[in-house]
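Listed below, chain by chain, are the residues.
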Amino acid sequence: MVATIPDLLRDISSGVGFFDNKVGRSTPGEGLNQWNAGDDWNTGDDEGWKLDLEEACSWEERRWEAWKERQWGRNVNGEGAVLPPRRPQAKKIVPAQLPQNDNLMPDVSGLSDSENADDISAFSQKSPSDDIVAIQRFDNKNSSSTLNPSIAADKVDDLSTINLQDVIGMIRNAEKNIHILNRARIHALDDLEKILSEKEALQREINRLQVRLAETDAWIRVAAQDKIHVELLQHHLEELQTEMSNRNGTRNEMPDIVLRSPDRQTRALSEELNALRNENLSLKNDLETLKEQLSEVKRTDERVEVLEEERTILESSLKELEYKLTLSREDGAQLSSLRSEYETLWDKVEHLQGLLDKSTSQADQAILVLQQNQELRKKVERLEESLEDANVYKLSSEKLQQYNDLMQQKIKLLDERLERSDAEIHSYVQLYQDSVKEFQDTLDNLKEESKKKATGKNVDMPWEFWSRLLLMIDGWFLEKKIHVDEAKLLRELAWKKDGRIHDVYMEYKEKNEPEIIAAFRRLKSSSSGPGLHVIHIAAEMAPVAKVGGLGDVLSALSKALQKKGHLVEIILPKYDCMQYECIQDLRVLDLVVESYFDGRLYNNKIWVGTVEGLPVYFIEPHHPAKFFWRGKTYGEPDDLKRFSFFSRAALELIHQASKKPDIIHCHDWQTAFVAPLYWDLYAPKGLNSARICFTCHNFEYQGTTTASEIASCGLDVHHLNRPDRMQDNSSPDRINPVKGAIVFSNIVTTVSPTYAQEVRTSQGGQGLHATLNDHAQKFVGILNGIDTDAWNPATDSHLRFQYNADDLEGKAENKKALRRHLGLSFADSRRPLVGCITRLVPQKGVHLIRHAIYRALELGGQFVLLGSSPVPSIHREFEEIANKFQNHEHIRLILKYDEALSHSIYAASDMFIIPSIFEPCGLTQMIAMRYGAIPIVRKTGGLNDSVFDVDDDTIPVQLRNGFTFITPDEQGFNGAFDRAFNHYNSDSEGWQELMHKVMNIDFSWDTSASQYEELYLQSVSRAKAARCAPG
């Protein structure tokens, strides 16, 4: 039935009479009742549909209250009934107030009344969840048909007529869904009632069986006591029988009768006992069955809870339907005004469409003019907004044209200002570049003049040449081929790169050794003095004996100091597992250095060679324990003995070689013994020219041991085991080598400013915070650098493709090559690759590394881990993960250290994670940035001093270079990790700019070496001033 808009509006105004007229009734109530009972509304499949909706809601409410009274009004446990929260009353819907808006109707034109009846009759076979899905589908269907008074031309004809059948169809569907909700709730309540009654019956049966089980246990105990009593009687009768047989020699019949009688009684008791045991076993089986049934009841309770949740969802859906019906009524009331406004609105639309066409063309012109500058683009957007506002407020085309002309003038003015600004900036930049170039030229000239004044004639030969010459001179002296004064003179000439010693050596190098020595003896010293003489004593050095960051630091710092004109020498243990191919001109000296240990003297063989241009002495102890022939650097039970022996042998070598260094620099607990040994034993012997510098790279490792252990290397236990010297702060019967080095050194450093502050607190000081605060005046944090020659993607021989910040194509090729090498998928070149190179120890945040593997996979990335763990449990855990992902196309774990592979991973990675719990300095983040990988780090120690978050507005833009987080948990890590992935995926151009920025950051040792140089000079100057002071 189709009604015109005037007819529909009249019917809306008449309320219920609309429906009465449609069914041919004169009174509203009668018409509604007949309409409800008519065949076009009900299909006759369910008598409930003939009830008035209000009565049905009231009947369901009464049923709900009755069930609550039955189930919750009783006190089951005897402790007072616990009532559930009162269920809110459902809103009552008056059927007469029905929506009359076709825009809110679902499309039911293809659904007959008989199909509706089929849907209703199928309700009994649906679960509550199916009902919810059906209602949600109905809501979704209606949500796409919300009131939207469109003004488009293709909607004009639809507004002229309204299909009454659609209105009726929506009302049918709404009430049908309400009825479905009520029926579902009733079924859920019935199921819940049945389940609770079954639960009570099962509980009663369990209680009865438990009582029977207790009685059976009591019977068993009584039967066991009777059996014991019978056995005692039988034993007593046997004794009596034996006594009587001894007296009479014969056995009469009476004892036999007495004996047989207990046997029968015993058998009867045994049979009864077995029967009780069988019954007990049966009862136990029944109890197990009941327990399983009780578990099933518990699962049923869970299902009841699910049903209750579904009932809550049904109630909320019912409320939402009621709310939508209310909105439908309100929207129906608005139909009366739509007709009157339609013609006026359409005229306005045509007028506004013309204005929109003109403004759109003008806006396009403005956009083309402003595309070259971001700031101007924002003003164009404001212009477009202004044009849209002009359309909304019906501005005339003349005013819009004037406004557009004004904006064009402003744009031209801004263009002129921008050109002038660019010219000024360019001039300033050019002036700055000229000033910098002039300053650099002046600085280079001053340096050149300074070198000429300091050294006179010098020769620019590689440092390998001068280091080899120094080692040769020291070998002559140690082998007693030249005197100490001659050795000092020749060292000074080689130290200053004097051209005379170069010329003599080049002239005589083909001759025999006595002729070379004679030619060198004819040389005389120049007047100018050299720089500082620094000797490093350490357990590691890259690349010959590298375990951690200490090896990199020692090599890079030594080369940086050497470039500044200082004489730098290094003393290492001679490990059997060293990379001997990295040592040039390795040879053994023809002498033996004796050192004291465990009450006697031991011989030490001395080897010399150059490592990357640095002169290095290797000490090989002839000790029966074979201290450095263990196949590894650290991790032996007698590490304290090994390195205390080495520390004393190193000082003995310096003393016997008559060296007079300005600085002796020792590192970590392995060589911390050098400081007390120097001042207690060797300074009194005449080795007193040096100042001691101690660097602790990680305060977690302190080498504490029993006080008696330090006596092996010759230290006085009673003298040093004091709170103000080497006694451990937390254990008075132990000594702490790191504490001793802090106390006895002139300079104490650590590897970053933030870490220096952290270790002075009780949380980060590992028990040494009080000692560090007592010696704060000589304690400083200097951020480590990296060896930019060894870590340079433009010259790295480990890479298949070299690249730099200005040409990043090689990085993409290295990424592809690593994927092929490790068997990873390389189908998507844009898929981000996350790298991690670390020792797998708790300090490094292994739980976050493990989490990062799975998180990278979730975010659509790839992950490569290179590293090993000395902790067995951690190693096993990561072995399991490696085996799990052994053939995975996006994950690979390599649980070892591989120097060449590490270079490839740095070059291939887009991101690098360092989620350390604490990190004294960390070189990984610097190397990663050097190779264009963006670091994701926790803000701690040196990581806080070198990585600054790209989203931190408190940091200058030019310093932002990575992603950081604070809390060492998965949530904190995800915050930084997810931001990095979003940045990579959404802003490719910005990521390229970030890569270019981080690759140009200077992480070389120049700045750090200058800070060490300043500390050295200050300490040496104070020592000279103290020696020159009167008295």
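Residues numbered from 1 in each chain as written. Predicted model: local features only at pLDDT ≥ 70, side-chain atom pairs only at ≥ 80, totals over all residues. Heavy atoms only, no water.

**Topic: the overall build of the protein**
And then number 1: Within the protein, the secondary structure is distributed over 31 helices and 19 strands.
And then number 2: Sorting the 1031 residues of the protein into buried and exposed places 46% on the buried side.
And then number 3: Look at the contacts in the protein between residues 6 or more apart in sequence, and 74% of them connect residues 24 or more apart.
And then number 4: Of the roughly 52700 Å² of accessible surface on the protein, a fraction of 51% belongs to carbon and sulfur atoms. (Helix = DSSP H or I, 4+ residues; strand = E, 2+ residues; numbered from the N terminus. Buried < 20%, exposed > 50% of the residue type's maximum accessible area, 1.4 Å probe, protein only. Contact = heavy atoms within 4.5 Å. Areas by Shrake-Rupley, 256 points an atom, 1.4 Å probe, with all protein chains shown as cover.)

**Regarding the packing of helix α12 (residues 463–478) against helix α13 (residues 484–495)**
When two helices pack together, their arrangement is given by the angle between their axes and by how far apart the axes lie.
And then number 1: At a closest axis distance of 10 Å, the pairing of α12 and α13 adopts a crossing angle of 180°. Taken together, α12 and α13 sit at an angle that is classed as roughly antiparallel. Contacts between α12 and α13 involve W466, L469, L470, I473, D474 and F477 from the former and V484, A487, L490, R491, A494 and W495 from the latter.
And then number 2: Its residues placed into classes, the contact of α12 with α13 shows 10 nonpolar, no polar and two charged. (Axes fitted to C-alpha atoms, helices over the stretch in contact; angles between N-to-C directions. Parallel < 35°, antiparallel > 145°, perpendicular 65-115°, else oblique. Nonpolar A, V, L, I, M, F, W, Y, C, P; charged D, E, K, R; others polar.)

**With respect to the pattern of salt bridges**
And then number 1: One pass over the structure, following the stated rule, counts 25 salt bridges.
And then number 2: Across the salt bridge formed by D787 and K559, the nearest N and O atoms sit 2.4 Å from each other. One end of the pair, D787, is in the loop between β13 (779–781) and α23 (809–822); the other, K559, is in helix α16 (residues 549–563), and 228 residues separate them in sequence. We note that D787, like K559, is buried. (Salt bridge = Lys/Arg side-chain N within 4 Å of Asp/Glu carboxyl O.)

**A closer look at the nonpolar core**
And then number 1: I501, F520, I571 and F699 are the most contacted members of the largest nonpolar core, which totals 105 residues.
And then number 2: For this core, the element with the highest residue contribution is α12, accounting for 11 residues.
And then number 3: Excluding residues that lie within four positions of it along the chain, I571 makes contacts with I535, H536, I537, A538, Y617, I619, F646, A650, L653 and I654.
And then number 4: Ranked by size, the runner-up nonpolar core spans 89 residues in total, among them W791, I849, I853 and V950. (Core = buried A, V, L, I, M, F, W, Y, C linked by side-chain atoms within 4.5 Å.)

**Notes on unusual backbone geometry**
Backbone geometry follows two general trends: most residues other than glycine have a negative phi, and most peptide bonds adopt the trans configuration.
And then number 1: For the peptide bond that leads from A542 to P543, omega is 0°, which places it in the cis range.
And then number 2: Relative to the helices and strands, P543 resides in the loop between β3 (533–537) and α16.
And then number 3: Backbone geometry places K480, a non-glycine residue, at a positive phi of 65°.
And then number 4: Structurally, K480 is set in the loop between α12 and α13.
And then number 5: Even without being glycine, D598 reaches a positive phi, approximately 50°.
And then number 6: Given the relative accessible area of 39%, D598 is considered partly exposed.

**What to know about α12**
And then number 1: For α12, which comprises 16 residues, the first-to-last C-alpha distance of 22 Å matches the rise-based estimate of 22 Å (1.5 Å per residue) to within 8%.
And then number 2: Of all 16 residues that make up α12, 14 are buried, and the element is covered over most of its length. (Expected span 1.5 Å × (residues − 1).)

**Quick look at helix α14 (residues 499–508)**
And then number 1: Those residues of α14 that sit buried are G499, I501, H502, V504, Y505 and Y508.
And then number 2: Against α12, α13 and α15 (513–521) lie the buried residues of α14.

**Considering the side chain of K739**
And then number 1: Relative to the assigned elements, K739 resides in helix α20 (residues 737–744).
And then number 2: Although buried, K739 forms no salt bridge, and the nearest oppositely charged side chain, D728, lies 7.1 Å from it.
And then number 3: Side-chain polar atoms of K739 contact the backbone oxygen of P723, separated by 2.6 Å.
And then number 4: Excluding its chain neighbours within four sequence positions, the residues that come into contact with K739 are R722, P723, R725, M726, Q727, N729, L768 and T771. (Lys, Arg positive; Asp, Glu negative; His and termini not counted. Polar contact = N/O pair within 3.5 Å; in protein donor to acceptor, adjacent residues only side chain to side chain.)

**A few points about the packing of aromatic side chains**
And then number 1: With the rule as written, the count across this model stands at 25 aromatic pairs.
And then number 2: An angle of 20° between the planes, with centres 4.9 Å apart, marks the rings of Y906 and F912 as stacked. Of the two residues, Y906 and F912, neither departs from the other in class, the shared state being buried.
And then number 3: With centroids separated by 5.6 Å and ring planes inclined at 90°, the aromatic side chains of F965 and F973 adopt a geometry described as edge-to-face. The pair formed by F965 and F973 is uniform in burial state, with each residue classed as buried.
And then number 4: Clustering of aromatic rings is evident, with ring pairs tying together Y575, F628, Y634, F643, F646 and W669.
And then number 5: Note that K685 overlies the ring of Y682, its terminal NZ or CZ placed 4.7 Å from the centroid.
And then number 6: When the ring centre of Y984 is taken as reference, the NZ or CZ atom of R830 above it lies at 4.2 Å. (Phe/Tyr/Trp six-rings, centres within 6.5 Å; stacked < 30°, edge-to-face > 60°. Lys NZ or Arg CZ within 6 Å of the ring centre and 35° of its normal.)

**Examining the confidence of the model for the protein**
And then number 1: Summary statistics for the protein give a mean pLDDT of 78 and a share of 70% for residues scoring 70 or more.
And then number 2: The model gives residues 74–161 a pLDDT under 50, and that stretch makes 151 contacts with residues more than four places away or in other chains. (pLDDT = per-residue confidence, 0-100.)

**Overview of a negative patch on the surface**
And then number 1: A cluster of acidic side chains, namely D806, D807, E809 and E813, defines a negative patch on the protein surface.
And then number 2: Structurally, the position occupied by E813 is in helix α23.
And then number 3: Under the relative-accessibility criterion, E813 is labelled partly exposed at 37%. (Patch = residues over 30% accessible without salt bridge, like charges linked within 9 Å, V, L, I, M, F, W, Y side chains within 5 Å. Charge placed at Lys NZ, Arg CZ, Asp CG, Glu CD.)

**Let's talk about the environment of F885**
And then number 1: Looking at the secondary structure, you find F885 in the loop between α25 (872–884) and β16 (891–894).
And then number 2: Here F885 is in contact with I853, Y854, L857, I891 and R892, once residues within four sequence places are set aside.

**Some remarks on the pairing of strand β9 (residues 691–696)**
And then number 1: Most of β9 sits inside the fold, with six of its six residues counted as buried.
And then number 2: Neither face of β9 is open: one carries R691, C693 and T695, the other I692, F694 and C696, and all of them are buried.
And then number 3: The sheet contact formed by strand β8 (residues 663–667) and β9 spans five bridges and is parallel. Bridge pairing in β9 links I663 to R691.
And then number 4: The pairing of β9 with strand β12 (residues 747–750) spans four bridges and is classified as parallel. Bridging from a neighbouring strand, F694 pairs with V748 of β12. (Pairing = 2+ DSSP bridges.)

**Thoughts on the sheet that holds β16**
And then number 1: Across the sheet, which stays open at both edges, the six strands sit in the order β16-β15-β14-β17-β18-β19 with parallel pairing between neighbours. Only two strands of the sheet have a single partner each, and these edge strands are β16 and β19 (963–965). Taking each pair of neighbouring strands and ignoring which way they run, the sheet shows an average axis angle of 15°.
And then number 2: The sheet contact formed by strand β17 (residues 911–914) and strand β18 (residues 934–938) spans four bridges and is parallel. Bridge assignment links F912 to a residue of β18, and that residue is P935.
And then number 3: On top of the sheet, helix α26 (residues 899–908) reaches β14 (833–837), β15 (862–866), β16 and β17; it is set at about 145° to β14, its chief contact.

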